[in-house]
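A look at the structure
Listed below, chain by chain, are the residues.
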Amino acid sequence: MKTKGALLWEPGTNSGWSVEEIEIDPPREREVLVKLAASGICHSDHHLDDGVIPLPWAPILGGHEGAGVVTEVGPGVTDVEVGDHVVLSFLPSCGKCKMCVGGRSNMCALGSGVLAGTAPDGSHRVHARGKGVGCMSYLGTFSPYVCAPLDATIRIDRDIPLDKAALIGCGVPTGWGSSVYAADMQLNDTVVVVGTGGVGINAVQGARHKGARNIIAIDPVEYKRESALRFGATHAVSDYAEAAQLVERMTDGQGADRVIVTVGVAYGNLMNQAQELTRRGGVMVLTAAAPVTQRDVDFDLFTFAMSGKRLQGCLYGSTNSRNDVPALLDLYRDGKLMLDELVTKTYDLEDINQAFTDLQEGKNLRGVIRYD
Ligand SMILES: NC(=O)c1ccc[n+]([C@@H]2O[C@H](COP(=O)([O-])OP(=O)(O)OC[C@H]3O[C@@H](n4cnc5c(N)ncnc54)[C@H](O)[C@@H]3O)[C@@H](O)[C@H]2O)c1
Ligand SMILES: [Zn+2]
Ligand SMILES: [Zn+2]
(Lines give C-alpha, C1' and ligand atoms only; values in the text may rest on other atoms or scores of the structure.)
(Ligands and ions follow the chains in the order given, each with its own letter.)
Protein backbone atom coordinates (compact mmCIF):
# COMPACT_ATOMS: atom_id res chain seq x y z
CA MET A 1 0.00 0.00 0.00
CA LYS A 2 1.03 3.59 -0.52
CA THR A 3 0.99 5.89 2.50
CA LYS A 4 3.30 8.49 4.02
CA GLY A 5 6.06 8.35 6.57
CA ALA A 6 8.71 10.48 8.29
CA LEU A 7 12.20 9.42 7.19
CA LEU A 8 15.77 10.31 7.99
CA TRP A 9 17.93 10.09 4.89
CA GLU A 10 21.07 11.31 6.67
CA PRO A 11 20.83 10.09 10.27
CA GLY A 12 23.17 11.68 12.77
CA THR A 13 23.33 15.05 11.01
CA ASN A 14 20.42 16.88 12.65
CA SER A 15 18.88 17.24 9.21
CA GLY A 16 15.34 16.60 10.46
CA TRP A 17 12.56 14.36 9.22
CA SER A 18 11.28 14.21 5.65
CA VAL A 19 7.57 13.40 5.37
CA GLU A 20 7.03 11.71 2.03
CA GLU A 21 5.32 8.89 0.20
CA ILE A 22 6.30 5.37 1.27
CA GLU A 23 5.16 1.96 0.12
CA ILE A 24 4.43 -0.73 2.73
CA ASP A 25 4.35 -4.41 1.69
CA PRO A 26 1.56 -6.72 2.86
CA PRO A 27 2.32 -8.59 6.08
CA ARG A 28 4.27 -11.81 5.71
CA GLU A 29 4.52 -14.84 8.01
CA ARG A 30 3.80 -13.83 11.64
CA GLU A 31 3.31 -10.15 10.77
CA VAL A 32 0.30 -7.87 10.96
CA LEU A 33 -0.67 -4.59 9.35
CA VAL A 34 -1.84 -2.04 11.91
CA LYS A 35 -3.67 1.22 11.25
CA LEU A 36 -2.26 3.48 13.93
CA ALA A 37 -4.27 5.94 15.98
CA ALA A 38 -1.21 7.72 17.31
CA SER A 39 2.54 7.64 17.86
CA GLY A 40 4.43 9.07 20.80
CA ILE A 41 7.54 11.20 20.22
CA CYS A 42 10.31 9.59 22.29
CA HIS A 43 13.75 11.11 22.76
CA SER A 44 15.29 7.90 21.37
CA ASP A 45 13.98 8.82 17.90
CA HIS A 46 15.72 12.17 18.20
CA HIS A 47 18.93 10.29 19.03
CA LEU A 48 18.84 8.84 15.51
CA ASP A 49 18.83 12.37 14.10
CA ASP A 50 21.39 13.90 16.47
CA GLY A 51 23.78 10.94 16.28
CA VAL A 52 23.71 9.90 19.96
CA ILE A 53 22.60 6.58 18.44
CA PRO A 54 24.54 6.47 15.13
CA LEU A 55 23.15 4.39 12.29
CA PRO A 56 25.43 2.95 9.60
CA TRP A 57 22.54 2.74 7.14
CA ALA A 58 19.71 4.86 5.74
CA PRO A 59 16.96 5.74 5.24
CA ILE A 60 15.09 5.03 8.45
CA LEU A 61 11.39 5.37 9.15
CA GLY A 62 11.25 6.62 12.75
CA GLY A 63 8.83 6.01 15.57
CA HIS A 64 8.48 3.14 18.03
CA GLU A 65 5.62 4.07 20.39
CA GLY A 66 2.28 3.31 18.77
CA ALA A 67 -1.14 1.70 19.10
CA GLY A 68 -3.91 1.03 16.63
CA VAL A 69 -6.23 -1.48 14.99
CA VAL A 70 -5.19 -4.59 13.05
CA THR A 71 -6.36 -4.32 9.42
CA GLU A 72 -4.64 -7.33 7.88
CA VAL A 73 -2.84 -10.43 9.15
CA GLY A 74 -0.10 -12.41 7.44
CA PRO A 75 0.06 -16.19 7.04
CA GLY A 76 0.29 -18.14 10.29
CA VAL A 77 -1.13 -15.39 12.49
CA THR A 78 -3.69 -16.87 14.85
CA ASP A 79 -3.10 -14.83 18.03
CA VAL A 80 -4.68 -11.61 16.76
CA GLU A 81 -7.33 -10.90 14.15
CA VAL A 82 -8.53 -8.03 12.01
CA GLY A 83 -10.25 -5.43 14.20
CA ASP A 84 -8.19 -6.19 17.32
CA HIS A 85 -6.80 -3.19 19.19
CA VAL A 86 -3.08 -3.51 19.81
CA VAL A 87 -0.15 -1.77 21.45
CA LEU A 88 3.10 -2.10 19.53
CA SER A 89 5.97 -2.88 21.85
CA PHE A 90 9.30 -1.27 20.91
CA LEU A 91 10.97 -4.57 21.76
CA PRO A 92 9.65 -7.81 20.30
CA SER A 93 9.78 -10.95 22.45
CA CYS A 94 9.41 -14.56 21.32
CA GLY A 95 7.75 -15.88 24.47
CA LYS A 96 9.75 -19.12 24.28
CA CYS A 97 13.41 -18.42 25.03
CA LYS A 98 15.10 -18.66 28.42
CA MET A 99 14.76 -14.90 29.01
CA CYS A 100 11.10 -14.80 28.02
CA VAL A 101 10.03 -17.82 30.06
CA GLY A 102 12.12 -16.57 32.97
CA GLY A 103 10.08 -13.37 33.09
CA ARG A 104 12.69 -11.09 31.49
CA SER A 105 11.27 -10.68 28.02
CA ASN A 106 12.95 -7.27 27.62
CA MET A 107 16.16 -9.32 27.29
CA CYS A 108 14.80 -11.60 24.53
CA ALA A 109 17.37 -11.96 21.75
CA LEU A 110 14.75 -10.79 19.24
CA GLY A 111 15.07 -7.31 20.71
CA SER A 112 18.80 -7.06 20.14
CA GLY A 113 18.41 -6.36 16.41
CA VAL A 114 15.88 -3.54 16.49
CA LEU A 115 18.33 -1.12 14.89
CA ALA A 116 19.36 -3.55 12.15
CA GLY A 117 17.68 -1.54 9.42
CA THR A 118 15.56 -4.43 8.14
CA ALA A 119 12.67 -6.61 9.27
CA PRO A 120 13.75 -9.50 11.54
CA ASP A 121 14.17 -11.80 8.50
CA GLY A 122 16.66 -9.40 6.89
CA SER A 123 14.33 -8.02 4.23
CA HIS A 124 12.48 -4.70 3.96
CA ARG A 125 8.73 -4.10 4.30
CA VAL A 126 8.92 -0.38 3.61
CA HIS A 127 10.24 1.30 0.47
CA ALA A 128 10.78 4.91 -0.59
CA ARG A 129 12.35 6.47 -3.68
CA GLY A 130 13.09 2.92 -4.88
CA LYS A 131 15.12 2.02 -1.76
CA GLY A 132 14.48 -0.35 1.13
CA VAL A 133 13.69 1.60 4.31
CA GLY A 134 14.78 0.39 7.75
CA CYS A 135 12.24 0.83 10.54
CA MET A 136 12.92 2.02 14.08
CA SER A 137 12.39 -0.97 16.37
CA TYR A 138 11.07 -3.05 13.41
CA LEU A 139 8.03 -0.73 13.58
CA GLY A 140 8.25 2.80 12.18
CA THR A 141 5.27 4.41 13.88
CA PHE A 142 5.87 7.76 12.11
CA SER A 143 3.46 6.49 9.48
CA PRO A 144 -0.32 5.93 9.68
CA TYR A 145 0.27 2.21 8.94
CA VAL A 146 2.83 -0.20 10.35
CA CYS A 147 3.69 -3.71 9.19
CA ALA A 148 4.64 -5.11 12.61
CA PRO A 149 6.08 -8.40 13.81
CA LEU A 150 3.51 -10.43 15.72
CA ASP A 151 6.12 -10.73 18.48
CA ALA A 152 5.81 -6.97 19.09
CA THR A 153 2.01 -6.87 18.88
CA ILE A 154 0.05 -6.96 22.14
CA ARG A 155 -3.74 -7.13 22.05
CA ILE A 156 -5.51 -4.79 24.47
CA ASP A 157 -9.09 -4.21 25.59
CA ARG A 158 -11.16 -2.04 23.27
CA ASP A 159 -12.31 0.44 25.89
CA ILE A 160 -8.82 1.97 26.23
CA PRO A 161 -8.34 5.11 24.09
CA LEU A 162 -5.72 4.16 21.53
CA ASP A 163 -3.99 7.53 21.50
CA LYS A 164 -3.18 7.05 25.19
CA ALA A 165 -2.39 3.34 24.82
CA ALA A 166 0.32 4.34 22.31
CA LEU A 167 2.44 5.63 25.20
CA ILE A 168 2.54 2.11 26.65
CA GLY A 169 4.73 1.09 23.70
CA CYS A 170 7.84 2.68 25.26
CA GLY A 171 7.89 5.69 27.58
CA VAL A 172 5.42 4.63 30.26
CA PRO A 173 6.70 1.10 30.95
CA THR A 174 10.31 2.29 30.59
CA GLY A 175 9.93 4.92 33.29
CA TRP A 176 7.46 3.08 35.53
CA GLY A 177 9.51 -0.12 35.40
CA SER A 178 12.75 1.78 36.10
CA SER A 179 11.30 2.42 39.56
CA VAL A 180 9.17 -0.66 40.14
CA TYR A 181 11.46 -3.35 38.71
CA ALA A 182 14.95 -2.08 37.96
CA ALA A 183 15.31 -0.06 41.18
CA ASP A 184 13.33 -2.63 43.15
CA MET A 185 11.83 0.25 45.07
CA GLN A 186 10.70 -0.32 48.64
CA LEU A 187 8.01 1.19 50.84
CA ASN A 188 9.17 4.41 52.48
CA ASP A 189 12.17 4.87 50.18
CA THR A 190 13.68 8.25 49.41
CA VAL A 191 14.05 8.42 45.65
CA VAL A 192 15.66 10.84 43.22
CA VAL A 193 14.55 10.91 39.57
CA VAL A 194 17.10 12.79 37.43
CA GLY A 195 15.26 14.17 34.37
CA THR A 196 11.46 14.13 34.41
CA GLY A 197 10.52 14.13 30.72
CA GLY A 198 8.42 11.46 29.04
CA VAL A 199 10.31 8.58 30.66
CA GLY A 200 11.29 10.12 34.01
CA ILE A 201 7.78 11.34 34.80
CA ASN A 202 6.71 7.71 34.68
CA ALA A 203 9.55 6.76 37.01
CA VAL A 204 7.91 9.26 39.39
CA GLN A 205 4.59 7.44 38.90
CA GLY A 206 6.28 4.09 39.54
CA ALA A 207 7.90 5.39 42.74
CA ARG A 208 4.53 6.68 43.96
CA HIS A 209 2.97 3.31 43.12
CA LYS A 210 5.56 1.50 45.26
CA GLY A 211 4.97 3.74 48.25
CA ALA A 212 8.16 5.79 48.18
CA ARG A 213 8.12 8.37 50.94
CA ASN A 214 10.14 11.17 49.35
CA ILE A 215 10.27 11.51 45.57
CA ILE A 216 12.67 14.23 44.45
CA ALA A 217 12.56 15.28 40.80
CA ILE A 218 15.55 17.04 39.24
CA ASP A 219 14.95 18.87 35.97
CA PRO A 220 16.27 22.23 34.71
CA VAL A 221 12.94 22.98 33.01
CA GLU A 222 10.29 24.60 35.20
CA TYR A 223 7.37 22.97 33.39
CA LYS A 224 8.91 19.54 34.01
CA ARG A 225 9.33 20.30 37.70
CA GLU A 226 5.71 21.47 38.03
CA SER A 227 4.59 18.36 36.15
CA ALA A 228 6.64 16.09 38.40
CA LEU A 229 4.85 17.51 41.44
CA ARG A 230 1.48 16.84 39.76
CA PHE A 231 2.50 13.26 39.00
CA GLY A 232 3.51 12.44 42.56
CA ALA A 233 6.92 13.95 43.27
CA THR A 234 7.15 15.42 46.76
CA HIS A 235 9.94 17.83 45.83
CA ALA A 236 11.27 19.27 42.58
CA VAL A 237 14.63 21.01 42.11
CA SER A 238 16.49 22.34 39.11
CA ASP A 239 19.94 20.82 39.50
CA TYR A 240 22.19 18.31 41.18
CA ALA A 241 23.58 20.71 43.80
CA GLU A 242 20.12 21.61 45.06
CA ALA A 243 19.15 17.94 45.13
CA ALA A 244 22.29 17.04 47.07
CA GLN A 245 21.46 19.58 49.78
CA LEU A 246 17.87 18.41 50.00
CA VAL A 247 18.78 14.72 50.17
CA GLU A 248 21.41 15.45 52.80
CA ARG A 249 18.80 17.21 54.96
CA MET A 250 16.07 14.66 54.44
CA THR A 251 18.16 11.58 55.15
CA ASP A 252 20.47 12.85 57.88
CA GLY A 253 23.33 12.66 55.43
CA GLN A 254 22.70 9.00 54.55
CA GLY A 255 21.67 9.58 50.94
CA ALA A 256 18.75 8.45 48.79
CA ASP A 257 17.74 4.79 48.66
CA ARG A 258 17.22 4.88 44.90
CA VAL A 259 18.45 7.23 42.16
CA ILE A 260 17.04 6.88 38.66
CA VAL A 261 18.71 8.58 35.70
CA THR A 262 16.28 9.44 32.90
CA VAL A 263 17.85 12.58 31.40
CA GLY A 264 17.77 13.23 27.64
CA VAL A 265 21.42 12.21 27.13
CA ALA A 266 23.47 10.46 29.82
CA TYR A 267 26.94 11.99 29.81
CA GLY A 268 29.76 10.48 31.87
CA ASN A 269 29.78 13.21 34.54
CA LEU A 270 26.28 12.26 35.66
CA MET A 271 27.20 8.90 37.06
CA ASN A 272 29.28 10.10 39.97
CA GLN A 273 26.65 12.69 40.80
CA ALA A 274 24.12 9.86 40.91
CA GLN A 275 26.47 7.88 43.13
CA GLU A 276 26.95 10.81 45.51
CA LEU A 277 23.19 11.07 45.93
CA THR A 278 22.88 7.35 46.71
CA ARG A 279 23.14 5.98 50.23
CA ARG A 280 25.34 3.02 51.25
CA GLY A 281 23.75 -0.12 49.85
CA GLY A 282 21.46 1.92 47.60
CA VAL A 283 20.63 1.45 43.93
CA MET A 284 21.31 3.66 40.90
CA VAL A 285 19.41 2.94 37.73
CA LEU A 286 20.64 4.13 34.34
CA THR A 287 17.78 4.23 31.85
CA ALA A 288 18.81 7.23 29.73
CA ALA A 289 20.74 6.63 26.52
CA ALA A 290 24.39 7.71 26.49
CA PRO A 291 26.17 8.51 23.21
CA VAL A 292 26.97 5.08 21.78
CA THR A 293 30.66 5.88 21.38
CA GLN A 294 31.11 7.33 24.88
CA ARG A 295 33.56 5.38 27.05
CA ASP A 296 34.70 7.97 29.61
CA VAL A 297 32.78 8.00 32.86
CA ASP A 298 33.51 9.92 36.04
CA PHE A 299 32.87 7.32 38.71
CA ASP A 300 34.42 6.78 42.14
CA LEU A 301 35.05 3.05 41.94
CA PHE A 302 36.51 2.72 45.43
CA THR A 303 33.47 4.22 47.11
CA PHE A 304 31.20 2.25 44.82
CA ALA A 305 32.66 -1.09 45.93
CA MET A 306 33.17 -0.22 49.58
CA SER A 307 29.70 1.17 50.08
CA GLY A 308 27.96 -1.78 48.45
CA LYS A 309 25.97 0.26 45.96
CA ARG A 310 24.40 -1.21 42.87
CA LEU A 311 24.40 0.33 39.39
CA GLN A 312 21.62 -1.19 37.31
CA GLY A 313 21.24 -0.74 33.55
CA CYS A 314 17.66 -0.66 32.44
CA LEU A 315 16.07 -1.49 29.08
CA TYR A 316 12.30 -0.99 28.66
CA GLY A 317 11.96 -0.56 32.42
CA SER A 318 13.00 -4.20 32.89
CA THR A 319 9.37 -4.98 32.11
CA ASN A 320 7.80 -8.08 30.68
CA SER A 321 5.65 -6.51 28.02
CA ARG A 322 2.99 -9.23 27.65
CA ASN A 323 2.37 -9.00 31.37
CA ASP A 324 3.02 -5.33 31.99
CA VAL A 325 1.24 -3.69 29.04
CA PRO A 326 -2.19 -5.01 30.11
CA ALA A 327 -1.27 -4.44 33.78
CA LEU A 328 -0.43 -0.78 33.16
CA LEU A 329 -3.66 -0.31 31.23
CA ASP A 330 -5.59 -1.82 34.16
CA LEU A 331 -3.90 0.68 36.47
CA TYR A 332 -4.93 3.46 34.07
CA ARG A 333 -8.52 2.23 33.99
CA ASP A 334 -8.54 2.10 37.80
CA GLY A 335 -7.27 5.68 38.04
CA LYS A 336 -3.87 4.64 39.42
CA LEU A 337 -1.76 5.59 36.41
CA MET A 338 -1.96 9.00 34.74
CA LEU A 339 -1.85 8.68 30.95
CA ASP A 340 -4.16 11.43 29.68
CA GLU A 341 -2.07 14.06 31.47
CA LEU A 342 1.14 12.83 29.79
CA VAL A 343 0.08 14.15 26.41
CA THR A 344 1.08 17.79 26.38
CA LYS A 345 0.45 18.41 22.69
CA THR A 346 -0.71 16.54 19.59
CA TYR A 347 0.65 17.07 16.07
CA ASP A 348 -0.07 16.09 12.48
CA LEU A 349 2.64 13.93 10.93
CA GLU A 350 3.52 16.86 8.65
CA ASP A 351 4.49 18.88 11.75
CA ILE A 352 6.89 16.27 13.10
CA ASN A 353 9.93 18.56 12.98
CA GLN A 354 8.06 21.05 15.17
CA ALA A 355 7.31 18.19 17.56
CA PHE A 356 11.03 17.42 17.84
CA THR A 357 11.89 21.09 18.29
CA ASP A 358 9.37 21.19 21.14
CA LEU A 359 10.96 18.03 22.64
CA GLN A 360 14.39 19.65 22.60
CA GLU A 361 13.03 22.87 24.09
CA GLY A 362 11.47 20.88 26.94
CA LYS A 363 7.92 21.94 26.11
CA ASN A 364 6.30 18.50 26.24
CA LEU A 365 6.02 15.63 28.66
CA ARG A 366 5.03 13.69 25.56
CA GLY A 367 4.24 15.05 22.15
CA VAL A 368 1.95 12.71 20.22
CA ILE A 369 1.29 12.42 16.48
CA ARG A 370 -2.38 11.69 15.78
CA TYR A 371 -3.45 9.96 12.60
CA ASP A 372 -7.23 10.17 12.62
N1 LIG B 1 16.48 2.39 28.38
C2 LIG B 1 15.41 2.39 27.62
O3 LIG B 1 14.80 1.35 27.37
C4 LIG B 1 14.92 3.68 27.06
C5 LIG B 1 13.64 3.75 26.48
C6 LIG B 1 13.17 5.00 26.07
C7 LIG B 1 13.96 6.12 26.16
N8 LIG B 1 15.22 5.98 26.67
C9 LIG B 1 16.08 7.14 26.85
O10 LIG B 1 15.64 7.81 28.01
C11 LIG B 1 16.04 9.18 27.93
C12 LIG B 1 14.86 10.07 28.25
O13 LIG B 1 13.90 10.00 27.21
P14 LIG B 1 12.62 10.96 27.22
O15 LIG B 1 11.80 10.58 26.04
O16 LIG B 1 12.05 10.99 28.58
O17 LIG B 1 13.30 12.39 26.93
P18 LIG B 1 12.74 13.85 27.31
O19 LIG B 1 13.48 14.79 26.46
O20 LIG B 1 11.26 13.84 27.28
O21 LIG B 1 13.16 14.03 28.85
C22 LIG B 1 14.49 14.25 29.26
C23 LIG B 1 14.43 15.21 30.44
O24 LIG B 1 15.72 15.32 31.02
C25 LIG B 1 15.90 16.68 31.43
N26 LIG B 1 17.32 16.90 31.61
C27 LIG B 1 18.27 17.09 30.66
N28 LIG B 1 19.49 17.20 31.23
C29 LIG B 1 19.31 17.08 32.58
C30 LIG B 1 20.18 17.10 33.70
N31 LIG B 1 21.50 17.23 33.56
N32 LIG B 1 19.64 16.93 34.94
C33 LIG B 1 18.32 16.75 35.08
N34 LIG B 1 17.45 16.72 34.05
C35 LIG B 1 17.94 16.88 32.82
C36 LIG B 1 15.22 17.47 30.32
O37 LIG B 1 14.89 18.78 30.75
C38 LIG B 1 13.99 16.62 30.04
O39 LIG B 1 12.88 17.01 30.84
C40 LIG B 1 16.61 9.36 26.52
O41 LIG B 1 18.01 9.22 26.59
C42 LIG B 1 16.01 8.20 25.78
O43 LIG B 1 16.76 7.83 24.63
C44 LIG B 1 15.70 4.81 27.14
ZN1 LIG C 1 11.25 5.21 23.32
ZN1 LIG D 1 12.35 -14.63 23.84
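Basis of the calculations
- Residues numbered from 1 in each chain as written.
- Chains lettered and ligands numbered in written order.
- Predicted model: local features only at pLDDT ≥ 70, side-chain atom pairs only at ≥ 80, totals over all residues.
- Heavy atoms only, no water.
- Donors = N, O, S within 2.8 Å, 3.2 Å for Na, K, Ca; no water.
- Tetrahedral: all angles 85-135°; square planar, octahedral: opposite > 155°, others 65-115°.
- Buried < 20%, exposed > 50% of the residue type's maximum accessible area, 1.4 Å probe, protein only.
- Helix = DSSP H or I, 4+ residues; strand = E, 2+ residues; numbered from the N terminus.
- Near = heavy atom within 4 Å.
- Polar contact = N/O pair within 3.5 Å; in protein donor to acceptor, adjacent residues only side chain to side chain.
- Areas by Shrake-Rupley, 256 points an atom, 1.4 Å probe, with all protein chains shown as cover.
- Contact = heavy atoms within 4.5 Å.
- Pairing = 2+ DSSP bridges.
- Right-handed = clockwise from strand over helix to strand, strands pointing away.
- Axes fitted to C-alpha atoms, helices over the stretch in contact; angles between N-to-C directions.
- UniProt positions renumbered as here; feature names shortened; annotations may be inferred.

**A short note on the coordination of the zinc ion (ligand 3)**
Looking at the zinc ion (ligand 3), one finds its protein donor set to be Cys94 (SG), Cys97 (SG), Cys100 (SG) and Cys108 (SG), positioned 2.3 to 2.4 Å from the metal centre. Here the zinc ion (ligand 3) is ringed by four donor atoms whose angles at the metal span 105 to 116°, and the overall shape comes out tetrahedral. Positions of the donor residues of the zinc ion (ligand 3) along the chain correspond to the pattern C-x2-C-x2-C-x7-C. Residue Cys94 is classed as partly exposed on the basis of its relative accessible area, which comes to 24%.

**Considerations on unusual backbone geometry**
Looking along the chain, the bond that leaves Ala58 and enters Pro59 is cis, with omega of -5°. Of note, Pro59 is situated in the loop between helix H1 (43–50) and strand S4 (60–61). Look at Arg129: it is not a glycine, yet its phi comes out positive at around 45°. On the secondary structure map, Arg129 appears in the loop between strand S7 (126–128) and strand S8 (131–135). Phi angles above zero are rare outside glycine, and Tyr316 is one such case at about 55°. Residue position: Tyr316 is located in the loop between strand S16 (310–313) and helix H10 (321–333).

**Focus: the site of ligand 1**
Near ligand 1 you find 27 residues, and of these His43, Val199, Asp219, Gly264 and Tyr316 are the closest. Within the contact set of ligand 1, an oxygen atom lies 2.9 Å away from a side-chain nitrogen or oxygen of Lys224. One nitrogen or oxygen atom from the main chain of Tyr316 is found 2.7 Å from an oxygen atom belonging to ligand 1. Here ligand 1 has 870 Å² of accessible area as a free molecule, and 86% of this is covered by the chains.

**Observations concerning the coordination of the zinc ion (ligand 2)**
Taken together, Cys42 (SG), His64 (NE2) and Cys170 (SG) make up the full set of protein donors to the zinc ion (ligand 2), lying 2.0 to 2.3 Å away. Sequence spacing of the donors to the zinc ion (ligand 2): C-x21-H-x105-C. Taken together, the positions of His64 in the loop between S4 and strand S5 (66–73) and Cys170 in the loop between helix H3 (162–165) and helix H4 (171–182) put the pair 106 residues apart, joining distant regions of the chain. We classify His64 as buried; its relative accessible area is 1%. A residue is classified by how much of its surface remains accessible, and Cys170, at 4% relative accessible area, is buried.

**Here's the deal with H4**
Where burial is concerned, most of H4 is hidden: 11 out of the 12 residues are buried. Restricting attention to buried positions, one finds in H4 the residues Gly171, Val172, Pro173, Thr174, Gly175, Trp176, Gly177, Ser178, Ser179, Val180 and Ala182. Against the buried residues of H4 lie helix H5 (200–209), strand S14 (256–261), strand S15 (278–286), S16, H10 and strand S18 (366–370). Looking at the residues trailing H4, positive phi occurs at Asp184, about 50°.

**Concerning the pairing of S15**
Looking at chain direction, S14 and S15 are connected through five bridges and run parallel. Its bridge partner lying in S15, Ala256 is registered against Thr278. This β-α-β element, S14 to helix H8 (residues 269–277) to S15, shows right-handed connectivity. The pairing of S15 with S16 spans four bridges and is classified as parallel. Paired with Val283 across the strands is Arg310, a residue of S16.

**Digging into the sheet that holds S15**
Strand order in the open sheet formed by six strands is S13-S12-S11-S14-S15-S16, with parallel pairing between adjacent strands. What marks the edges here is a single partner per strand, and that holds for strand S13 (235–237) and S16. Taking each pair of neighbouring strands and ignoring which way they run, the sheet shows an average axis angle of 15°. This element, H8, spans strand S11 (190–194), strand S12 (214–218), S14, S15 and S16 of the sheet and lies at about 140° to S15.

**A short note on the UniProt feature "domain: Enoyl reductase (ER)" (unreviewed entry) in the protein chain**
Those residues carrying the UniProt feature "domain: Enoyl reductase (ER)" (unreviewed entry) are residues 12–369 in this numbering. Counted over residues 12–369, helix gives 27% and strand 25%. Its end C-alpha atoms are 22 Å apart.

**Side note on the pairing of S8**
Pairing geometry for S4 and S8, over two bridges, is parallel. For Leu61, the partnering residue across the bridge sits in S8 and is Cys135. Sheet topology places S7 next to S8; three bridges connect them, and they run antiparallel. For His127, the partnering residue across the bridge sits in S8 and is Gly132.

**Some points on the environment of Thr278**
For Thr278, the location among the structural elements is in strand S15. Thr278 has contacts with Gly255, Ala256, Val259, Val283, Met284 and Lys309, leaving out every residue within four places of it along the chain.

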